[in-house]
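# Descriptive analysis of the structure
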Amino acid sequence: MSDFARETIVALSTAPGRGAIAIVRLSGAKSLPILTGIFRPRKERDAFPRGRPVIGRFVDGPQAFDEGLALYHQAPDSVTGEDVVEMHCHGGPAVVGTILRLAREMGARPAAEGEFTRRAFLEGKIDLVQAEAVADLVAAQTEKAARAALHHLEGRLSKALEGVWEKIVEAGAHIEAAIDFPDEFEPGAGPSVSGAPMGSAELARLFAEIEEALGRLVESYRSGRILREGARAAILGRPNAGKSTLLNALLGADRAITSEIPGTTRDTVEEVCDFGGAPVRLIDTAGLRDTGDLVELEGTERARKAAEEADIGLMVMDLTAGDGEIRWAAWEANALDCQNLFIFNKMDKSTHEAMVRALALLNESATDAPEPLFISALTGEGIPELREEVARVLMDEDGLSGAESVLTRERHHGQIAKCLEAVRSARTGAEGELSPELVAVHLNEGQTALAELLGRDYGEALLDKIFSTFCIGK
Ligand SMILES: Nc1nc2c(ncn2[C@@H]2O[C@H](COP(=O)(O)OP(=O)(O)OP(=O)(O)O)[C@@H](O)[C@H]2O)c(=O)[nH]1
Ligand SMILES: [Mg+2]
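Residues numbered from 1 in each chain as written. Chains lettered and ligands numbered in written order. Predicted model: local features only at pLDDT ≥ 70, side-chain atom pairs only at ≥ 80, totals over all residues. Heavy atoms only, no water.

### Details of the sheet that holds strand S7 (residues 109–110)
What counts is decided by this rule: Pairing between strands is defined by DSSP: at least two bridges between them are needed. For helices the rule is a DSSP run of H or I covering at least 4 residues; for strands it is a run of E covering at least 2, with both sets numbered from the N terminus onward. Only heavy atoms enter the contact rule, under which two residues are in contact if any of them lie within 4.5 Å. Simply put, an axis is a line fit to the C-alpha atoms, just over the touching stretch for a helix, and the angle between two N-to-C directions goes from 0 to 180 degrees.
One open sheet holds the seven strands; their spatial order is S3-S4-S5-S6-S2-S1-S7, and the pairing between them is mixed. In this open sheet, the two strands that pair with only one neighbour each are strand S3 (39–41) and S7. For strand S5 (residues 63–73) and strand S6 (residues 84–91), the ladder comprises five bridges, and the chain directions are antiparallel. What sits directly across from Ala70, in S6, is Met87. Its contacts with the sheet place helix H3 (residues 93–105) against strand S1 (9–12), strand S2 (19–27), strand S4 (54–60), S5, S6 and S7, and it is angled at close to 150° to S6.

Now the structure itself:
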């Protein structure tokens, strides 16, 4: 380990600024000497108790400047695996600043982003997936996103991957045995090992289990990505359809200007809101229509761009605007090429007959359209149902509420997809004429992908990339 990695580090672990309490953490061999230099326990004692809070005063030489708590965790039984100290002081910049200065004077250096977690990883306390979950938990904006991160932090995704790993090793062992005892290996019938026959059915079952587990994880990324990064929902429609009124209704706030004048919204307006646990960025757009007005034309262009980048388009139609509105929406939704929800607005001003007619017309114009929703953005009718529907379309509820792990990071998705592809190649190879040596190569590729994912096989560059996104003090 380099000297840099061995140095004692110090950082404020709570948010900067004023607060009732702030926590300053130290990790490294000098943690305890620094603590005893800064902190005087109220009760005289010979040694600092391990893992128990001690009340006392923070001192700068003979001068006390605060009172609070301190905890000492001895290596290797600490979060980082090194000696760790936590100092709980009053949360003002002067007190925190003094503690940080004294710690530096006594030999600690300021921690880099995520350095505490990086040390925990390097000391083997957690794997890379768990380390990333620390950052995700801190960044989580909704309850569900936090739950998914905790799931990973607790090691449940890692455990599922360990299970897959062992199955790959098991399949690999049989293939290797086929290399050592080639007479026992019949191409096309799966390998068989003397003493422990591995019928083609058994090997097929093993491959099926691995592929099933990996396939489910790859699939979960669609919802998981949205959970971590949030989804984009573009509110689209013709001028005056009620798009801005809908944005305000969904936000529960008067965010966008609305008026009876078509063409009110000129630029896109964005706000994040929580849709049943999914953070969704709502984008109100300018009405889509042909126009000679240059500003409005630019707004229309931006609306189309928003639609292109969206995970879902909310196509708003005014029930009182006549048949043209519906035909146009069906055509436009088709042309926009994003997943759309059709929304009939202004039901408070419409009649039952008009709604039935609108529905029939939509079914006729967009034959594969999903079930539309009827709402009144003005009175709020149908808004709760719309929220539920958006959450349902964006996220697979079963995957999120169940005990299964959900992939939330692109890195995880990429590695697992790579592993799945390698296992598939191994299986089709074992089923066909591929030599056991080549089947083993594919299985090894699969293992390497998982090893990289869990951080068993890593480069400094990868760690720098991951931990640079952390905040200091984590
Ligand atoms: N009765 C009724 N009026 C509504 C409803 N939704 C919107 N409106 C009215 O329709 C008019 C247009 O609403 P906006 O939300 O500004 O429409 P928009 O789609 O954003 O229009 P542009 O920004 O011009 O593209 C306003 O006068 C709203 O009060 C509704 O559900 N019922
Ligand atoms: Mg508008």
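Here the narrative resumes.
### What to know about unusual backbone geometry
The amide bond that connects Ala75 to the next residue, Pro76, takes the cis arrangement and shows omega of 0°. By secondary structure assignment, the location of Pro76 is in the loop between S5 and S6. Of note, the phi angle at Asn240 is positive, near 75°, even though the residue is not glycine. Within the secondary structure, Asn240 sits in the loop between strand S8 (231–237) and helix H9 (243–251). Phi at Lys346 is positive, roughly 70°, even though this residue is not glycine.

### A few points about the domain arrangement of the chain
We count it as follows: The split into domains, and so the bounds of each, comes from an automatic or database assignment of domains.
Taken domain by domain, the chain comprises domain 1 (3–127), domain 2 (156–227 + 409–454) and domain 3 (243–396). Averaged C-alpha coordinates put domain 1 and domain 2 at centres separated by 46 Å.

### Things to note about the pattern of salt bridges
Close approach of charged atoms allows side chains with opposite charge to pair. Our working definition: We define a salt bridge as a side-chain nitrogen of Lys or Arg found within 4 Å of a carboxyl oxygen belonging to Asp or Glu. Categorising residues by exposure relies on relative accessible area from a 1.4 Å probe, with only protein chains included: less than 20% of the type maximum marks a residue as buried, more than 50% marks it as exposed, and the intermediate range marks it as partly exposed.
For the coordinates displayed, the defined rule picks out 35 salt bridges. Between Glu460 and Arg118 there is a salt bridge; the shortest N-O distance is 2.9 Å. With Glu460 in helix H17 (residues 460–467) and Arg118 in helix H4 (residues 115–122), this residue pair connects regions lying 342 residues apart in the sequence. Assessed through its relative accessible area of 16%, Arg118 is described here as buried.

### Quick word on the nonpolar core
Operational definition: Residues grouped as a nonpolar core are buried Ala, Val, Leu, Ile, Met, Phe, Trp, Tyr and Cys residues, joined through side-chain atoms within 4.5 Å.
If you look at the biggest cluster of nonpolar residues, it comprises 32 residues, and the most contacted ones within it are Leu246, Leu250, Val280, Leu282, Leu314, Leu386 and Leu394. With five residues, the single largest contributor to this core is helix H13 (residues 383–394). The residues touching Leu394, leaving out its near neighbours within four places in the chain, are Arg222, Ser223, Ile226, Ala231, Val280, Asp311 and Ile312. Ranked by size, the runner-up nonpolar core spans 30 residues in total, among them Ile210, Leu407, Cys419 and Ala451.

### Describing the layout of surface pockets
This is how the line gets drawn: A 1.4 Å probe that fits but cannot get out identifies a cavity on a 1 Å grid over protein atoms alone, an open set with protein on both sides within 12 Å along at least five of seven lines counts as a pocket, and a residue lines either if it has an atom within 4 Å of a point. Grid points are joined across faces, edges and corners, and a volume is the space filled by probe spheres set on the points. Classification used: nonpolar for Ala, Val, Leu, Ile, Met, Phe, Trp, Tyr, Cys and Pro, charged for Asp, Glu, Lys and Arg, polar for all others including Gly.
A volume near 490 Å³ is recorded for the largest pocket. Of all the secondary-structure elements, those providing two or more residues to the lining of the largest pocket are helix H5 (128–139), helix H6 (143–153), helix H8 (200–229), strand S10 (278–284), helix H15 (410–431) and H17. The leading source of residues in the lining of the largest pocket is H5, at four residues. In the lining of the largest pocket, the residues fall into 13 nonpolar, four polar and nine charged. Shared between two domains, the lining of the largest pocket takes at least three residues from each, and those domains are domain 2 (156–227 + 409–454) and domain 3 (243–396).

### A short note on the coordination of the magnesium ion (ligand 2)
In plain terms, the rule: Only nitrogen, oxygen and sulfur atoms qualify as donors, and only when within 2.8 Å of the metal (3.2 Å in the case of Na, K and Ca); with water excluded, sites may look incomplete.
For the magnesium ion (ligand 2), the full set of protein donor atoms is Ser244 (OG) and Thr265 (OG1), and the range of their distances to it is 1.9 to 2.1 Å. Here the residue Ser244 occupies a position in helix H9, and Thr265 occupies one in the loop between H9 and strand S9 (269–275), the gap between them amounting to 21 residues. Relative accessible area serves as the criterion here: at 8%, Ser244 is assigned to the buried category.

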